[in-house]
Amino acid sequence: MKFENVQAVLFDLDGTLIDSAPDLGAAVDKMRVDRGMSSLPLSHYRPMAGAGARGMIGLAFGFTPDHPDYEAMKEEFFQNYEACMTQRTFAFEGVAHLIEALVARQLPWGVVTNKSKRFTEPLTQGMPLFASASVVISGDTTPHAKPHPAPLLEAAKRLSIDPARCVYVGDDERDIVAGHAAAMKTVAATYGYLGTQSDIASWQAHAQIHAPQHLLDLLSV
C-alpha cells in the first residue's frame, strides 16, 4: 500500500515519536515515595503512559478523577513531571532516521498531541529531534483535544496544506478517530504503549507500522 500525493506528515508525541514513560512514571512514583509508600517499577506504569495524569495517578494510588484529592494530586504530579520531563525521555529507535528521511524528501512534518502546551513547548524545545518540525499543536492549542479533529485541522491550516494531503501517525485509537474526522490518511503505530494490549485492527486505520521507519514504505515520494 502506498499513500499518493502526501504533502505533510503529522505525528502524535508520546508513544509515537518519544518514549516519555520513564519520566512520567518517575514523577508519579516520587509521589508514592514522598508519602512513605513503596516504589513501583516502570513496567507497572508503562501501559498507561499514554493516559497522562489520569492513568498515572490511577495506577499509583487507585484514584479516579472524581476522588476529592485528585486535583491536588494532579498538580503535584505535573510539577514533578516538569522537573524531570527530559531526564529519561528519548525518541523511539528509528525515529531520528525517519525524521531525517522526511526532511531529505522535503516533506514538512509536525506534532499534534493532547499534551498541554505547559509541557509540550519545553519538551520539544529541549530535544534536538524537533528542530526541523514545521508545526507543534498541543492539547490546549485549540478549544478541543483529540479525538476531535480541530487540532489536526489547525496543524494543516498552519502548514497551508489540504488535510487530505496529510498523513497522521499515532499509537492510540483517539489519534485514528481524529485523523479520520479530519479526512487525513491514518497510520497506527503498534510499537507504542498500547500495541500489545489493544485491538488495533478495530481502529480502522488506513495502515499499521511496527517500527517508525516503516512509514517510509507507505510514502510514494
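See the structure above.
Rules and cut-offs
- Residues numbered from 1 in each chain as written.
- Predicted model: local features only at pLDDT ≥ 70, side-chain atom pairs only at ≥ 80, totals over all residues.
- Heavy atoms only, no water.
- Helix = DSSP H or I, 4+ residues; strand = E, 2+ residues; numbered from the N terminus.
- Buried < 20%, exposed > 50% of the residue type's maximum accessible area, 1.4 Å probe, protein only.
- Pairing = 2+ DSSP bridges.
- Axes fitted to C-alpha atoms, helices over the stretch in contact; angles between N-to-C directions.
- Contact = heavy atoms within 4.5 Å.

Student: I keep staring at unusual backbone geometry and nothing clicks. Help me out?
Tutor: Among all residues save glycine, negative phi is the norm, and among peptide bonds the norm is trans. Cis geometry is found at the peptide bond from Lys 146 to Pro 147, where omega equals 20°. On the secondary structure map, Pro 147 appears in the loop between β5 (135–137) and α7 (150–159). The backbone phi angle of Asn 5 is positive, close to 60°, even though this residue is not glycine. Within the element layout of this structure, Asn 5 appears in the segment before β1 (8–11). The backbone phi angle of Ser 160 is positive, close to 55°, even though this residue is not glycine. By the element assignment, Ser 160 lies in the loop between α7 and β6 (166–170). Exposure remark for Ser 160: the relative accessible area of 69% places this residue in the exposed category.

Student: Quick question: what am I supposed to make of the sheet that holds strand β8 (residues 207–209) here?
Tutor: Pairing between the strands of a sheet comes from backbone hydrogen bonds, and it takes one of two forms, parallel or antiparallel. The parallel open sheet is built from 6 strands, whose spatial order is β5-β4-β1-β6-β7-β8. Strands with a single pairing partner mark the edges of an open sheet, and in this sheet they are β5 and β8. Neighbour to neighbour, the strand axes of the sheet diverge by 25° on average, direction disregarded. Inspection of the sheet shows β1 paired to strand β4 (residues 109–112) by 3 bridges, in the parallel sense. By the bridge assignment, Leu 10 is partnered in β4 with Gly 110. Sheet strands in contact with helix α5 (residues 95–104) are β1 and β4, and its direction is about 155° off that of β1.

Student: I tried to follow the environment of Ser 220 on my own but got confused; where do I start?
Tutor: Residue position: Ser 220 is located in the segment after β8. As for Ser 220 and Lys 185, which are separated by 35 residues in sequence, their C-alpha atoms are 13 Å apart. Ignoring any residue separated from it by four or fewer positions in sequence, one finds Ser 220 in contact with Lys 2, Phe 3, Glu 4 and Asn 5.

None of this, on its own, says anything about what the molecule does.
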